[in-house]
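Here are the chains, one letter per residue:
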Amino acid sequence: MLSSNKSANLTRRAALGGLGAAAGSALLPTSSESSFIAVANAADGTAKISMQLGWLASNGIAGEVCAKRMGYYDELGIELEITPGGPGVDGVASVAAGRAQAGQLSSSPSLMLARSAGIPVKAFAAGYQKHPFTYFSLAANPISQPSDMVGKTIATQPTAVILLRALLAKNGIAEDQVEVVNMGSDMNQLMTGQAHAVTGWLTNTNALKILGDDRVDMMLWDAGIQLYANVFYTTDEAIENDSDALARFLTGSAMGWGYAKDNPEEAANLLVAEYPNLDLASELEAIGPVLGFSFNDTTARDGWGAMNTENWAAQIQTYAGLDQFQGDVPEIDDVMTLEILNATSEIRMKVG
């Protein structure tokens, strides 16, 4: 494990000294090798990558902000621009069209659905090993396991209804045994008794404060639907032609997340310095949960950013069983690749 005082120098030396055979053979791509990721500076071969977010800038990119502000990307020959998403922003379309060279999705099913619709995008890393999506109830009428939902009213976002359907199917609960209502932007429906549970991310500590100490959490992951969150993705073309630039980008991100892990308070400060609209007190409170989803037993074994084919196969099967795919059911190789993870295994293991 990297000590907080030495992590910056150690991760920098490790990354620059050994990206691995797959990425280290050509650290600086030439323009002829890269048809998707532009060479921003012909003099030194720096590659420019715009990373399109699927949401507004938040603590989910704390590691990337650390890597940017600590100079890790610069030393790896990457010029990174982070483009926030939000309502009305189709991030997948932006990446597929080449306006952004990489993207990050809040949930892995979005990638599978895009692929089934014929969009040639593919995941190459997972920022969160467990999805933070959670069902929140109160101790007076707790929902701590799926069977507790029977006969209850669940308020959830319209886009998350499919997650509830998947949870019910996974646990053998008929959909008509649960009343589903749309949820607004806050959690008042639970506090006013209009619903027995509401949904959100465990990392959104600000929104959860209203629920107080009587809050009961049931994570979607623990209920049997194990999705990835903060999924890094790009196009098939970029995987084929720009794997070195993507490996350098992911190396810088790994170094940034390693720095955040060892220096959480500083990571929160750097995040707010980059995005002054964020509240420092809230980010200091949230950084612990954020790091908890970024680092766990899986990353200790397989390194930061890891994902596996078995998990993706289970997700595809779940969504196929619910008839969610517009086109053909995608194959595992359609939705994810381990190429960039394998090329960066040395540094990812050091920070994992």
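Every residue gets a number counted from 1 within its own chain, in the order that chain's sequence is written. In view of the model being predicted, local features appear only for residues whose pLDDT reaches at least 70, and side-chain atom pairs are presented and counted only at 80 or more, with totals across whole chains, interfaces and linings using the full set of residues. Excluded from the side-chain calculation are hydrogens and water; included are all heavy atoms of the structure.

### Re the nonpolar core
Nonpolar side chains tend toward joint burial in soluble globular proteins. Of all hydrophobic cores here, the largest spans 105 residues; its most connected members are Phe-124, Tyr-135, Met-149, Leu-163, Leu-167 and Trp-312. By the criteria applied, helices consist of DSSP H or I runs no shorter than four residues and strands consist of E runs no shorter than two, each listed in order from the N terminus. At ten residues, the largest contribution of residues to this core is made by helix α11 (residues 243-262). By definition in these notes, contact holds between two residues if any of their heavy atoms fall within 4.5 Å. Setting aside anything within four residues of it in sequence, one finds Leu-167 in contact with Tyr-135, Pro-146, Met-149, Met-218, Leu-220, Ala-223 and Ile-225. By nonpolar core is meant a set of buried Ala, Val, Leu, Ile, Met, Phe, Trp, Tyr and Cys residues that side-chain atoms within 4.5 Å join together. Burial classes follow relative accessibility: with a 1.4 Å probe on protein chains only, a residue under 20% of its type's maximum area counts as buried, one over 50% as exposed, and anything between as partly exposed.

### Observations regarding the environment of Asp-214
Within the secondary structure layout, Asp-214 lies in the loop between α9 (205-208) and β10 (215-219). Separated by 72 residues in sequence, Asp-214 and Pro-142 have C-alpha atoms that sit 9.4 Å apart. In this structure, Asp-214 is in contact with Ser-137, Leu-138 and Ala-139, ignoring residues within four places of it in sequence.

### Section: the side chain of Thr-337
Of note, Thr-337 is situated in the loop between α16 (332-335) and α17 (339-343). Taking relative accessible area as the criterion, Thr-337 reaches 13% and is therefore assigned buried. The definition of a polar contact used here is a pair of N or O atoms within 3.5 Å, where within protein one atom must be able to donate a hydrogen and the other to accept one, and adjacent residues in sequence count solely through side-chain atom pairs. Polar side-chain contacts of Thr-337 include one of 3.1 Å to the backbone nitrogen of Glu-339. Residues within four places of Thr-337 in sequence aside, it is in contact with Lys-122, Ala-123, Phe-124, Ile-239 and Met-307.

### Regarding helix α15 (residues 309-321)
Take the number of residues in a helix, subtract one, and multiply by 1.5 Å to get its expected span. Its 13 residues give α15 an end-to-end C-alpha distance of 18 Å, which sits within 8% of 18 Å, the value for a rise of 1.5 Å per residue. Buried within α15 are the following residues: Asn-311, Trp-312, Gln-315, Ile-316 and Tyr-319. Buried residues of α15, viewed axially, fall in a sector of 135 degrees; they line one side. Exposed side chains of α15 directed beyond 90 degrees from the buried face belong to Glu-310, Gln-317 and Gly-321. Close packing links the buried residues of α15 with α6 (108-116), β5 (121-128), α7 (161-170), β11 (229-235) and α16. The opening residue of α15, the one whose side-chain oxygen lies 3.2 Å from the backbone nitrogen of Glu-310, is Asn-308. Asp-323 sits one or two positions beyond α15 and adopts a positive phi of about 55 degrees. Note that the arc is defined by the directions from the helix axis to the C-beta atoms.

### Thoughts on the packing of aromatic side chains
By convention, a stacked pair of Phe, Tyr or Trp rings (six-membered ring in the case of Trp) has centres within 6.5 Å and planes under 30 degrees apart, an edge-to-face pair has planes over 60 apart, and any other such pair is tilted. Applying the stated criterion across every chain, the model contains eight aromatic pairs. Both rings, one in Phe-232 and one in Phe-249, keep their centres 6.0 Å apart while their planes meet at 70 degrees; by these two values the pair is edge-to-face. Of this pair, Phe-232 sits in strand β11 while Phe-249 sits in helix α11, placing them 17 residues apart in sequence. Assigned by exposure class, Phe-232 and Phe-249 land together as buried. Between Phe-232 and Trp-304, the ring centres sit 5.9 Å apart and the planes meet at 70 degrees, which makes this aromatic pair edge-to-face. A residue pair is termed long-range when its members are at least 10 positions apart, and Phe-232 in strand β11 and Trp-304 in the loop between α14 (297-302) and α15 qualify at 72 residues. The class for Trp-304 is buried, based on a relative accessible area of 0%.

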